[in-house]
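# Working through the structure, step by step
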Amino acid sequence: MGQKLLVLSLVAVIVLFTAAQAVSADQRGTDNFLSTQPSLDGYRIYFSESNNEASRFDRSAAGLSRLAGLLQLQGAELYTLEWRYGIPADASLVIIAGPVSDLNAEQVARLWIYLNDGGRLLLLTEPGIDRVRAFAEEKGLFELTWHDFGIRALDNVLVTEGAMQMVALPPPNTENSDTATPAATDPTPAPEMVEAPILITDLVAATIDHTHPITSNLSGDLAFFGARAVEVDSSLQLAEVTPLVFSGGEFYGETAYNDYRDSGYSTFNADEDTARGPMTLAAAARNPANGMRLVIIGDRDFATNGGGLRSSPPNSSSFVYQGNVEFLLNAIAWLLEAEPDAVEFPTPAPTSTALPTMTPVPEGEASS
Amino acid sequence: MRYLILLFLVALLVPPAAPGYAQTDIRPLVVFVVDGSLRTASPEDIRAGGISRLDEMFQTLGARTDLIRLDQAIPTDAQVVVLVQPQRRLSAAAIARLWVHLQRGGHLLLAIDPAGQGGQSPERANAGLALLLARDYGIGLEDTFVTESWFTPDVIQEAQTSYIQVYADSLPHPILDPLHQYELPVQMWGARSLWVEPIGIDSYAIPLLATSTAYGEAGKVFDQNEPEPLEVNLDVDRVGLLNVGALAENTATGSRVVVLGDAEIVENDYGLADGPRYLGDYLLVQRAAAWLLNIPEANWPALPPEITWLTIDGDSSDWPADPPMISDPMVGNIQAFRNDSYLYLRIDPTEIPDQVRLRLDRDQDSTSDVSILVEPGSIRTNTNEIISDARFAAGASLELQLPLRMLGANRTTIKEICLLGSETLCVSHELMITAVNERAPTDLRMPDQPLAAVRATQGDVNLRSGPGTYFPILAAYPDQQLFAPIGRSERGDWIQLRNASYTGWMSSALVTSNCDLALLPVIVPE
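Here the structure is a predicted model, which is why all the values come from computation and not from measurement.

### Looking at the overall build of chain A
Secondary structure summary: chain A contains eight helices and 15 strands in total. When the 368 residues of chain A are sorted by exposure, 50% land in the buried category. Sequence-distant contacts in chain A: of pairs separated by 6 or more residues, those separated by 24 or more amount to 80%.

Okay, structure coming up:
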């Protein structure tokens, strides 16, 4: 009863906003995807927030409030996961949206028990850029998922070369060399300037496997904003693994992206980097034996308010990357095995008036 | 008819189905974690530090055993996972696999050493496996080294010299029954302390082993460059009663865990040494294994035979029929016999006395030379020497267990027995002591004291009546035989030792100790 009231209230608010604005018929049509989504009434979705994941309460660009709001509109009950007590037996789905620090051993154990009991997990995993230190490809959770299910994300960032720029060539690494340390009186040599490409990390998926329920009805592009490659090994029999979304063939997996961020210089390293070619950006796995389902997306921003769920104009519900929204809702429906039903939500239209923000307004304008 | 013959020939050609081919092995499966990256002890290792005897023990209890690594999923039919002496921390993935096993109702035997000793760096208190054990089972690992006050920096470097004796904790549990009943010590070789929270959500935990004489040293005493001194620091060290073993059960899943704060307790030439040499260790491990295998208590193995299983509790119902009771008109019925270490004396008195007095003729010169006064809570000689390893209980019967060394050379008679009360009632003649071919459950029950062990590389080592090879031999003992060191010769080349059977001397070159033998008092032989 409370859930219906909440939905009705949200609908009323949205209708008021909609009525006050001029709405183009085209945009209204493209926003109608929610009406095709199944009801999530009764499903209990737990969000992990203990390792600096994107938060469902965060309405900023880095937050996950839009995805959370959409799930709530569909009827799902949302909770924050309390790891200390383990994953509740009634959890329908766990969402881990791009932790900054890694899950500790206890959390990995709890999660692994949950998956082995047929749990459902949506995992967005960020490349190890800056202070992100989560989900190394050969440790912790990915050691387990790779060994048992044949799915993990790699320790790289998908990049392709853009325009050339002049950058200082980094000094050679002399840590293990036999050269004598220059005397203190030696003048510091000027760095050598070289031309190097700017690395592009934002991308739109080039190829989508439309045979999977998650991707069968996507109507828009899928945008990524610095992603790591997802690796799958379909030869393992324990789980059925399906790569869903692929980058273009011009991308390779840069393993020293932080060095590039520091110096602006990078070259493809055949020994370390992942070879150029179409690479998986998201994949799904299921274990028919115990019901486990898992979706891994190699980019946290695929689902954040300011990333894949950004809108134009801002603070509207007119999503720029409708494909991202569809993908996420489809993925969650697939993870939950939620069947489509007749429930329809009146779809909000874009607003030209931004919702209130915390941006300070100059005094002169405030009075007008 | 032709068809019948044909069918008969065809039937001859078809191989008969072998019986049992389709049968599955219903014995419980025990898997031992053998992982080179963790440097765990192996059941395939028959050497001193191996756990092949633990493997045999599980098999004797009806289990089949196998080896696993934790980078593979644990078999779903595994009932018990045995993880002994992991010398490195388990990875998150390894812990996750272990926890999946426990979550589905599997059991775990974990025997884990303290960090630092021998360069080991196993699980720490505030991470990984320890956190999960604490939260789900109420057993926490502590980053301590259980240290007796007489330990020295040299002693703690090796497991072989950092042994301690601990006892069953006071809480009852079937695993502990014989340890409680017969006050059996359990020997450990370099232990870490545990904390045990008995009551928790969906779980209960029971401390198994405890020591009240040692403290938990938390300092960096194994640091190679600047080791911290061995001294009690009340801010960080654990003091008071220390638990060094515990069990727990998760009542939601039925999962059981046994955690021992020392790995050697389950290793071949340590806790499970042949004999069994350390009966307390052997029974604890055997019964813990039976508990982990869900064997009904009534079906647990009987106590080893040829051992004197007598409870000194004033209830004589467990005393043997042989040797028979002797009736004395003044005192009552009396039974006296001895095994390899103790005199057992039972009196069904005509009148309950305040004290019992024994007069002994230790040097066999037909005159009594020592009196022993016995009353509840106090057993001492006429010279006020407390006999700490003697036991006495008064109930319907008076029961006394007295170390044989108190009898001196005369182990066959008691010169006089008197009951002291409102009047003094004495047995009118010397009482014969019958020798029985049995072992005492332990020949050393001296808590609060340093320990010394025989170091025999070739044959047995002689215990002599004085500090020199010209003194008579009292007995010969094998390697690792335990004693309490009580003194030394002036030059320190001979050590005076004591167990229940003898007080004697052994060459210091053939003795190791968990204390500094040079600090023992100098004793001049009489």
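Let us keep going from here.
### Some words on the packing of aromatic side chains
Residue and element names in this part refer to chain B. In the structure shown here, the tally under the stated rule is 20 aromatic pairs over all chains. When the ring of Trp 189 is compared with that of Tyr 270, the centres are 5.3 Å apart and the planes differ by 75°; the resulting orientation is edge-to-face. Note that Trp 189 is positioned in strand S8 (residues 186–189) and Tyr 270 in the loop between strand S14 (256–260) and helix H6 (279–292), a separation of 81 residues in sequence. A residue is classified by how much of its surface remains accessible, and Trp 189, at 2% relative accessible area, is buried. The ring of Tyr 502 is capped by Arg 411, whose NZ or CZ atom sits 4.4 Å from the centre of that ring.

### A closer look at the sheet that holds strand S9 (residues 207–208) of chain A
Residue and element names in this part refer to chain A. Strand order in the open sheet formed by eight strands is S2-S1-S3-S4-S15-S14-S12-S9, with mixed pairing between adjacent strands. Each edge of the sheet is formed by a strand with only one pairing partner; in this case those strands are strand S2 (77–80) and S9. With six bridges connecting them, strand S14 (residues 280–287) and strand S15 (residues 292–297) associate as antiparallel partners. Its bridge partner being in S15, Ala 284 is matched across the sheet by Val 295. Across the sheet, helix H7 (residues 322–336) lies against strand S1 (44–47), strand S3 (93–97), strand S4 (120–124), strand S12 (240–246), S14 and S15, angled at about 160° from S15, the strand it touches most.

### Brief notes about the interface of chain B and chain A
How big an interface is tends to be stated in terms of accessible area lost as the parts join. Residue-level contacts link 17 residues of chain B with 15 residues of chain A. Both faces combined, the contact of chain B with chain A buries some 1,400 Å², and carbon together with sulfur accounts for 66% of it. Looking only at chain B, the three residues that lose the most surface to chain A are Arg 97, Val 100 and Arg 135 of chain B, adding up to 32% of its buried area. Close ionic contact of Asp 148 of chain A with Arg 97 of chain B constitutes a salt bridge, the shortest N to O distance being 3.0 Å. Listed by contribution, the elements that provide at least two residues to the side of chain B that touches chain A are helix H3 (92–103) and helix H4 (128–137) of chain B. Among the elements that make up the side of chain B that touches chain A, the one with the highest residue count is H3 of chain B (eight residues). Here the side of chain B that touches chain A is built from residues that sort into nine nonpolar, four polar and four charged.

### With respect to the state of the cysteines
Residues and elements named next belong to chain B. Taken as a whole, this structure holds one disulfide over all chains when the rule is applied. Across a sulfur-sulfur distance of 1.9 Å, Cys 418 and Cys 426 are joined as a disulfide pair. Measuring handedness by torsion sign, the sulfur bridge of Cys 418 and Cys 426 sits at about 105° and is right-handed. Given a relative accessible area of 23%, Cys 426 falls into the partly exposed group.

### Quick look at the packing of H3 of chain B against H4 of chain B
Residue and element names in this part refer to chain B. Orientation of H3 relative to H4, taken along the N-to-C sense of each, is 20°, at an axis distance of 10 Å. Classified by the angle between their axes, H3 and H4 sit roughly parallel to one another. The handedness of the crossing between H3 and H4 comes out as right-handed. Contacts between H3 and H4 involve Ile 95, Leu 98, Trp 99 and Leu 102 from the former and Gly 128, Leu 129, Leu 132, Leu 133, Asp 136 and Tyr 137 from the latter. Classifying every residue of the contact of H3 with H4 gives eight nonpolar, one polar and one charged.

Definitions and limits used
Within every chain, residues take consecutive numbers counted from 1 along the sequence as written. Going through the entries in the order they are written, you letter the chains from A and number the ligands from 1. The predicted origin of the model limits local features to residues at a pLDDT of at least 70 and limits the giving and counting of side-chain atom pairs to 80 or more, whereas totals for whole chains, interfaces and linings rest on all residues. Only heavy atoms go into the side-chain values, all of them from the structure, while hydrogens and water stay out. The secondary structure listing takes helices from DSSP runs of H or I that are at least 4 residues long and strands from runs of E that are at least 2 residues long, numbered from the N terminus. Throughout this description, buried means an accessible area under 20% of the type-specific maximum (1.4 Å probe, protein chains only), exposed means over 50%, and partly exposed covers the range between. The contact rule is simple, with two residues in contact once any of their heavy atoms fall within 4.5 Å. Stacked, edge-to-face and tilted are the three classes for Phe, Tyr and Trp ring pairs, Trp counted by its six-membered ring, which pair at centre distances within 6.5 Å; planes under 30 degrees apart are stacked, over 60 edge-to-face, the rest tilted. Placement of a positive charge over a ring is assigned whenever Lys NZ or Arg CZ falls within 6 Å of the ring centre and within 35 degrees of the normal to the ring plane. Two strands make a pair as long as DSSP finds a minimum of two bridges between them. Angles run from 0 to 180 degrees between N-to-C directions of axes, and those axes are lines fitted to C-alpha atoms, restricted for helices to the stretch in contact. The buried area of a pairing is the accessible area, by a 1.4 Å probe, that goes missing from both parts when the two are put together, added over both. The salt bridge criterion pairs a side-chain nitrogen of Lys or Arg with a carboxyl oxygen of Asp or Glu, the two atoms within 4 Å. Any residue outside Ala, Val, Leu, Ile, Met, Phe, Trp, Tyr, Cys, Pro, Asp, Glu, Lys and Arg is labelled polar, Gly included; the first ten of those are nonpolar and the last four are charged. Counting rule for disulfides: a pair of cysteine sulfur atoms within 2.5 Å. Small angles under 35 degrees read as roughly parallel and large ones over 145 as roughly antiparallel, with 65 to 115 read as roughly perpendicular and the rest as oblique. Each crossing gets its handedness from the near helix: less than a right angle anticlockwise from the far helix is left-handed, clockwise is right-handed.

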